[in-house]
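# Remarks on the overall topology
Take a look at the letters that make up each chain.
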Amino acid sequence: MLLTSSSLKKRVGDLQRKLFQKAKQQSTFCFYSIYDKVYRLDVLQYAYELVKKNNGKPGLDRVTFETIEREISKWRYLNILQSKLKFNSYQSSPIKRVDIPKGNGETRPLGIPNIEDRIIQMAVKIVIEPIFESGFSNNSYGFRPNRSAHQAMNSITQSLRSGHTQVIDADLSKYFYTIAHVKLMKLVSLRVSDKKVLALLNQWLKSVVIKVEKSGKQTVIAGGKKSKLGTPQGGVISPLLANIYLDVLDRIWDKHNLAFKLKAKIVRYADDLVILCKNETDASYKVLTQVLGKLDLQLNGDKTEVVDSLKEKFNFLGFEISMAKSKQSGKVFPMVEPSQKSMKKVSEKIKFYTRRAMNPVPINEVVRQLNATVRGWCNYFYYGYGHRKIKKIRYYMEESLRHQLRYRHKVRNRGASYHKFPRQYLYGYLGLYQPPVKPRWKVVHA
């Protein structure tokens, strides 16, 4: 029978803690028999719930969670998955390729596995992640339990305050598509040698990627047994594999105490990384390129740069970072705000939801979409001095919504719209989300 959410979380949590503790206590121990834990029904159920919560789109087979629960039932479906894994009949399916628009007019390729593959990938992740987490460096923040982008920013600001103002702003060229399968699997097998688990990982690395045209035509564009590079973006297991691969860089930095020897601190969020140096950057840059070379990775020469943060700004994880001088004390401090690119992106979304073509859409739905967009953006960027840019976004959102209301109510005069649709109307009556515009430290200590 299916477990309740609390029971499920406790049982799977207990399993993960035991794996973590074993891996932590014996840092060289290689787990050779964990496949049976992957097909435990509680692990599969937990994986099912996590994947469903992500609310992803269906893969090539077009199967949705609604289809599963209506036509099969969750319990029966999980038993089918368990049997496939237990009796080694599971085979991964081709991955659906879609192109996601980027802010610069280009697109980002994304792979969408079928739900079955996502659940089993999640089950493997649940089991092996604690093993690798036990050894991951504190310099790494991306796609890890209990770690966040804000923690990475805290590390950067602390380093800047301590005088590490010379910054190597590194950009890896096509990282997820250049990870070498052989080297990745060797790194995985240092901690996990269970052949059946390794076989699953290898299946997913070799999965065929199919692009579906609007006409319905399907074309194989990547993957297959002969493929040697890349982890498909969109796969549940890909971020963990990507962290395992770049953990080599973190380990070398820690093992050789380069933070002390080179006076250089590294902060990494998946494939986004910066090295903050106290003095010169040449030695740190050399180590970085040497390690990446051993991993068959390259820096993007056009986007990687060395920045003097006392004179210039640099971007990281959507934030714009620079050193500014306080008008009160005259001291220099890290100024962290949303980047221009981030501002432009959310502004374009606001503009989209309030365009004239939205007139037939109920105003409550327009406000709901605005709220979801701006609330999520503010939750992320309400950090450091983000409130200054949030004020601009709040003003732009108010003006855009008033512009939409003018169309609906045929109010020609812009000035009249302020009387007809004041802030009290927008926030009180329509329920528009009100972004935080006070400095975060004043709110926390209020």
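Presented here is an overview of the structure given in this document. (Residues numbered from 1 in each chain as written. Predicted model: local features only at pLDDT ≥ 70, side-chain atom pairs only at ≥ 80, totals over all residues. Heavy atoms only, no water.)

This part is about the pairing of strand β6 (residues 264-269). Of all six residues making up β6, five are buried, and the element is well covered by its neighbours. Two strands pair when backbone bridges link them, and β6 and strand β7 (residues 272-277) are joined in this way by six bridges, in the antiparallel orientation. Bridge pairing in β7 links Y269 to D272. (Buried < 20%, exposed > 50% of the residue type's maximum accessible area, 1.4 Å probe, protein only. Helix = DSSP H or I, 4+ residues; strand = E, 2+ residues; numbered from the N terminus. Pairing = 2+ DSSP bridges.)

Next up on the list: the sheet that holds strand β10 (residues 319-325). Strand order across the open sheet formed by three strands is β9-β10-β11, with antiparallel pairing between neighbours. Where the open sheet ends on each side, the last strands, each with one partner, are β9 (314-316) and β11 (332-338). Looking at each pair of strands side by side, their axes are set apart by 35° on average, direction ignored. (Axes fitted to C-alpha atoms, helices over the stretch in contact; angles between N-to-C directions.)

Attention now goes to the packing of helix α14 (residues 340-353) against helix α15 (residues 363-381). Relative to each other, α14 and α15 sit at 170°, their axes nearing to 9 Å. The angle between the axes of α14 and α15 places the two elements in the roughly antiparallel class. Where α14 abuts α15, its residues S342, M343, V346, K349, I350 and Y353 lie against V366, Q369, L370, T373, V374, W377 and F381. Of the residues that constitute the contact of α14 with α15, the class distribution is nine nonpolar, three polar and one charged. (Parallel < 35°, antiparallel > 145°, perpendicular 65-115°, else oblique. Contact = heavy atoms within 4.5 Å. Nonpolar A, V, L, I, M, F, W, Y, C, P; charged D, E, K, R; others polar.)

Okay, the side chain of N139 next. Assignment of secondary structure puts N139 in the loop between α6 (115-133) and α7 (149-161). The exposure class assigned to N139 is buried, which follows from its relative accessible area of 17%. Each residue touching N139, except ones within four places of it in the same chain, is listed here: D250, D254, I266, V267 and R268.

Next up on the list: helix α13 (residues 282-294). Between its terminal C-alpha atoms α13 stretches 19 Å, which fits the 18 Å expected from 13 residues at 1.5 Å a residue. All buried positions along α13 are accounted for by S284, V287, L288, V291 and L292. What you see down the axis of α13 is that its buried residues fit within an arc of 125°, all on one side. Seen from the open side of α13, the exposed residues pointing more than 90 degrees away from its buried face are D282, K286 and K294. Those residues of α13 hidden inside the fold are in contact with β3 (166-171), α11 (238-255), α12 (258-261), β6 and β7. D296 sits one or two positions beyond α13 and adopts a positive phi of about 60°. (Expected span 1.5 Å × (residues − 1). Arc of directions from axis to C-beta.)

Time to look at empty space enclosed by the protein. A complete count under the given rule lists one cavity of 30 Å³ or more for this structure. A volume near 90 Å³ is recorded for the largest cavity. The wall of the largest cavity is formed by 15 residues, among which I95, Q121, W204, S207 and P232 lie closest to the centre. (1 Å grid on protein atoms, 1.4 Å probe; cavity = no way out; pocket = protein on both sides within 12 Å on 5 of 7 lines; lining within 4 Å. Points joined across faces, edges and corners; volume = space filled by probe spheres on them.)

A grouping of R108, K303, K341, K345 and K349 is seen on the molecular surface, where their side chains present a positively charged patch. Of note, K349 is situated in helix α14. (Patch = residues over 30% accessible without salt bridge, like charges linked within 9 Å, V, L, I, M, F, W, Y side chains within 5 Å. Areas by Shrake-Rupley, 256 points an atom, 1.4 Å probe, with all protein chains shown as cover. Salt bridge = Lys/Arg side-chain N within 4 Å of Asp/Glu carboxyl O. Lys, Arg positive; Asp, Glu negative; His and termini not counted. Charge placed at Lys NZ, Arg CZ, Asp CG, Glu CD.)

Structural measurements only, silent on function.
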